[in-house]
Amino acid sequence: MSQLTEPSTAGAQPVALRGPTTLTRWLHGIAPYLFLLPAVVLVGGWLLWPFVRTAYLSLTDYKGIGAPDFVGIDNYTKLVSDPILSDSFRNTILWVIGTLLLPVGIGLLIAVLTFELTGGALYRLPFLLPYAISGTAVGVMWEFMLRSNGALNSMLELIGLEGLTRSWLLRAPVNTWSMIVAATWQGVGVSVLLFLIGLQVIPRDPIEAARLDGADGWRLFRDITFPLLRPMTIVVVGISLVNSLKTFDVIWVMTQGGPARSSETLAVTMYRETFLLFRHGYGSAIAVVLSVIVLGVSWLYLSRTLRST
Amino acid sequence: MRPANLLRHGIMLILGAIWIIPLYFVLINAVTPPAEYRKKELYAPPSSFALGDNISTAWNAAKLGVSVGSTFFYATVGAAAAVLLAAMAAYAIIGLRIRHGFFWFMVLYAGTIFPFQMYLSPLYSNYVRFNLYDKRIGLLLLYTAIAIPFGVFVIRNHFTSIPYELPEAARIDGASSIRIFGQIYSPLSLNAFATVFILQFTWIWNDLLFGLTLSRSADVRPIMTALAGLQGQYASASIPVVLAGALIVSVPTFVLFFAVQRVFVRGLGATTQ
């Protein structure tokens, strides 16, 4: 942020040495705007204007055609009592909790276990491979793993655990947890990489000192390493939190939010309401709620963690 | 070996095996001839190797090949255009010290903050109205626009590290704004440009949501949308073809990721997009 405090020379544009005609001076004046314009047109027209428009449509009954009729906060009051939405809320919360427990937790475990371990890079490879695969491809692969006649059930039968086989994607809330596992399989590599960077930059002395005092294993981790990792933990948790709220691809490919809309999250519900049920106004209200949650969570999280460090 | 380390090796071997097993199942069944798929156990290797056939079915019959071409166009041209436009905007803000530079930066950066669901409905309506729906140029413009905010963020940061004396001296020698952009700022920022290009190429390549929303025909829709369509259409008929499709569309990002892993890690630190 240091550049914000630099002395402003905005008013003192460089002097045109050759031919200080009105034309060149005018060109000098507008040059910055010419450089800025294309980016502003694209971002303004494709992102900012749609943003404002969505906020407005959330107060209408727009159906995708015809003129939107203003209905005030009707969509929002409907949203509170809609049973589909309460399922969707519940699943969104499951995604947030699951993402914080699984990819973040397992990522931390793997980073700590393989840090400075002989062959550590090789051990980490299986977790990095899935990260290079898109959410859509991961969804395709895991739909095959978890379908009722899929690979997981076939494996469970092979090792004599027929009792554990089930329809992983057909019942709530098991289907949401199953998809969280799929997302974990893909996403854990990022946490591993980030925690590893964190481990590389924490100071050595406190750890060595604690070792000399006889601290080892779990106690060393709990009392020394984990507190020192705090800055990176904040980053990883923040990224995971926001990403889990936005999850769409894996769910869309694996269940399309079904069966009977039982595994939708807010991101998926918004898409279905808008583009499959043509309730653009209602879908826009869901988009607004999702945005408020994302912004609120980021703000709460940042302000709390920044205050306490 | 200390017992603590033995335990670490043990846990890592188990966890690693758990992560490899799905890949094993996917690979084994992606190379299975569709006719044999129904007859064998899923964990058993097939009696003959049909990866080539499965890929060519996905590529031709299911038209993944067409989408690979279009998506390559969106990802390369979109990411490159975003780098250029983002660099120009960052230059206006940092190099030319435009008035209210921070305000303009926030205007551009605001594009990364909200969930994409905030853009979808008006984009769709406008695309239909202005005849951009299901057009290559429509998707290209969207991908360029959505890649700009992150680009401005990274490139602006980099431009602030270039000492202001350099362009100042060139300006006194009579160099034009365009020359200073092209011959001072840009050559000093190739690393930042490459970072943005690689990350945004990957992002565009992997997009599903905008492809679903703004396109329909096989000629236009991007690759992940085509893969999702292939899965919906073939899932019951021919799982090996779908799995082979999922593998083949992952190749470019896979190669890119392992070639320049450092770029991806750097990108993670810079944004939560």
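Counting restarts for each chain: residues are numbered from 1 in the order of the written sequence. Chains and ligands are labelled sequentially in the order written, the chains with letters from A and the ligands with numbers from 1. Where local features are concerned, this predicted model is filtered to residues with pLDDT of at least 70; where side-chain atom pairs are given and counted, the filter is 80 or more; whole-chain, interface and lining totals use all residues.

**Q** Got a minute to help me understand the overall build of chain A in this structure?
**A** A tally of regular secondary structure across chain A gives 13 helices and zero strands. The way it works is that DSSP assigns letters per residue, a run of H or I at least four long becomes a helix, a run of E at least two long becomes a strand, and they are numbered from the N terminus. Starting at the N terminus and walking to the C terminus, you meet the elements of chain A as α-α-α-α-α-α-α-α-α-α-α-α-α. Note on method: radius of gyration uses C-alpha positions; expected globular size equals 2.2 Å times residues raised to 0.38. Relative to a compact globule of 309 residues, whose C-alpha radius of gyration would be 19 Å, chain A shows 26 Å and is clearly more extended. Taken along the three principal axes of its C-alpha coordinates, chain A extends 85 × 65 × 35 Å.

**Q** Sorry if this is basic, but what is going on with the overall build of chain B here?
**A** The helix and strand tally for chain B stands at 14 helices and zero strands. For 273 residues, the compact-globule estimate of 2.2 N^0.38 gives 19 Å, and the C-alpha radius of gyration of chain B, at 23 Å, exceeds that figure by more than 25%. Once the C-alpha set of chain B is aligned to its principal axes, its extents read approximately 80 × 65 × 30 Å. Here, residues touch in the contact sense if the C-beta positions derived from the backbone fall within 7 Å of one another. Of the contacts made within chain B by residues no fewer than 6 positions apart, 75% connect residues no fewer than 24 positions apart.

**Q** Just checking my understanding: could you explain the nonpolar core for this structure?
**A** Under the definition applied here, buried Ala, Val, Leu, Ile, Met, Phe, Trp, Tyr and Cys residues are grouped into a nonpolar core through C-beta atoms within 7 Å. Partly exposed residues are those whose C-beta has more than 12 but fewer than 20 other C-beta atoms within 10 Å; 20 or more makes a residue buried and 12 or fewer makes it exposed, with C-beta atoms placed from the backbone. Core analysis: the biggest nonpolar cluster contains 155 residues, and A:A39, B:A86, B:A89, B:Y91, B:I148 and B:L227 have the highest contact counts within it. The element contributing the most residues to this core is helix 4 (residues 64-95) of chain B, with 17 residues. Filtering out sequence-adjacent residues up to four positions away, A:A39 remains in contact with B:L85, B:A86, B:M88, B:A89, B:L108, B:I148 and B:V152.

**Q** Any chance you could explain the confidence of the model for chain A here in plain terms?
**A** Low pLDDT means the predicted coordinates in that region are not meant to be read closely. Confidence of the predictor at the level of single residues is given by pLDDT, which spans 0 to 100. Confidence in the prediction for chain A averages 88 pLDDT; 92% of positions are at 70 or higher. Here residues 1-13 of chain A is modelled with pLDDT under 50, and outside its nearest four sequence neighbours on either side it reaches six contacts, counting other chains as well.

**Q** It is not clear to me how the environment of B:M224 should be interpreted in this structure. Could you clarify?
**A** Residue and element names in this part refer to chain B. Here M224 is to be found in helix 12 (residues 223-234). Under the C-beta neighbour-count criterion, M224 is labelled buried, with 29 such atoms within 10 Å. Considering only alpha carbons, one finds M224 and S250, 26 residues apart in sequence, at a separation of 9.6 Å.

**Q** I'm lost on the confidence of the model for chain B in this one. Help?
**A** For chain B, mean pLDDT is 90; residues scoring 70 or higher make up 95% of the total. Across the interfaces of the predicted complex, the ipTM metric reaches 0.91, alongside a pTM of 0.90.

**Q** Help me understand unusual backbone geometry, please; the structure alone is not making it clear to me.
**A** Most peptide bonds adopt trans geometry, and most residues besides glycine take a negative phi value. Here the bond from A:A172 into A:P173 is cis, since omega is 0°, no more than 30 degrees from zero. Residue A:G258 is joined to A:P259 through a cis peptide bond whose omega torsion reads -5°. Tracing the backbone shows A:P259 in the loop between helix 11 (249-254) and helix 12 (266-276). A positive phi angle is found at A:F278, which is not glycine, with a value near 60°. Here A:F278 lies in the loop between helix 12 and helix 13 (280-308). Positive phi, close to 55°, is recorded for B:H100, a residue that is not glycine. The topology assignment puts B:H100 in the loop between helix 4 and helix 5 (101-109). With 11 C-beta atoms counted inside 10 Å, the residue B:H100 sits in the exposed group.

**Q** When you look at the interface of chain B and chain A in this model, what are you seeing that I'm missing?
**A** Interface size is commonly expressed as the accessible surface area that is lost when the partners come together. In this complex, chain B contributes 74 residues to the contact, which on the side of chain A involves 73 residues. Along the lines of polarity and charge, the residues of the side of chain B that touches chain A split into 54 nonpolar, 15 polar and five charged. When residues are sorted by character, Ala, Val, Leu, Ile, Met, Phe, Trp, Tyr, Cys and Pro go into the nonpolar class, Asp, Glu, Lys and Arg into the charged class, and all the rest, Gly among them, into the polar class.

**Q** Please explain the environment of B:L64 as it appears in this structure.
**A** Residue and element names in this part refer to chain B. Relative to the helices and strands, L64 is located in helix 4. Through-space distance from the C-alpha of L64 to that of I223 is 6.7 Å; in sequence the pair is 159 residues apart. With near-sequence residues (within four places) excluded, L64 lies in contact with A58, W59, I223, A226, L227, L230, G245, I248 and V249.

**Q** Mind showing me how you'd approach the environment of B:I155 here?
**A** Residue and element names in this part refer to chain B. Relative to the helices and strands, I155 resides in helix 7 (residues 136-160). On the neighbour-count criterion, I155 (26 C-beta atoms within 10 Å) is buried. Distance from I155 to M88, taken between C-alpha atoms, is 9.5 Å for residues 67 residues apart in sequence.

**Q** Mind showing me how you'd approach helix 5 of chain B here?
**A** Each α-helix turn comprises 3.6 residues. Residues three or four places apart therefore point the same way. Every buried residue belonging to helix 5 of chain B is among B:G101, B:W104, B:F105 and B:L108, and all of these are buried. All buried residues of helix 5 of chain B project into a common sector of 105° when viewed along the axis, lining one side. Every exposed residue of helix 5 of chain B that faces more than 90 degrees away from the buried side is listed here: B:F102, B:F103 and B:M106. Lining the buried residues of helix 5 of chain B we find helix 1 (22-57) of chain A together with helix 4 and helix 7 of chain B. To be clear, the arc concerns the directions from the helix axis to the C-beta atoms.

**Q** When you look at helix 4 of chain B in this model, what are you seeing that I'm missing?
**A** Here helix 4 of chain B contains 32 residues, and its C-alpha end-to-end distance of 44 Å stays within 8% of the 46 Å for a straight helix at 1.5 Å per residue. Remark: B:R97 follows helix 4 of chain B within two positions and exhibits a positive phi of approximately 50°. Each helix should span, by expectation, one fewer than its residue count multiplied by 1.5 Å.

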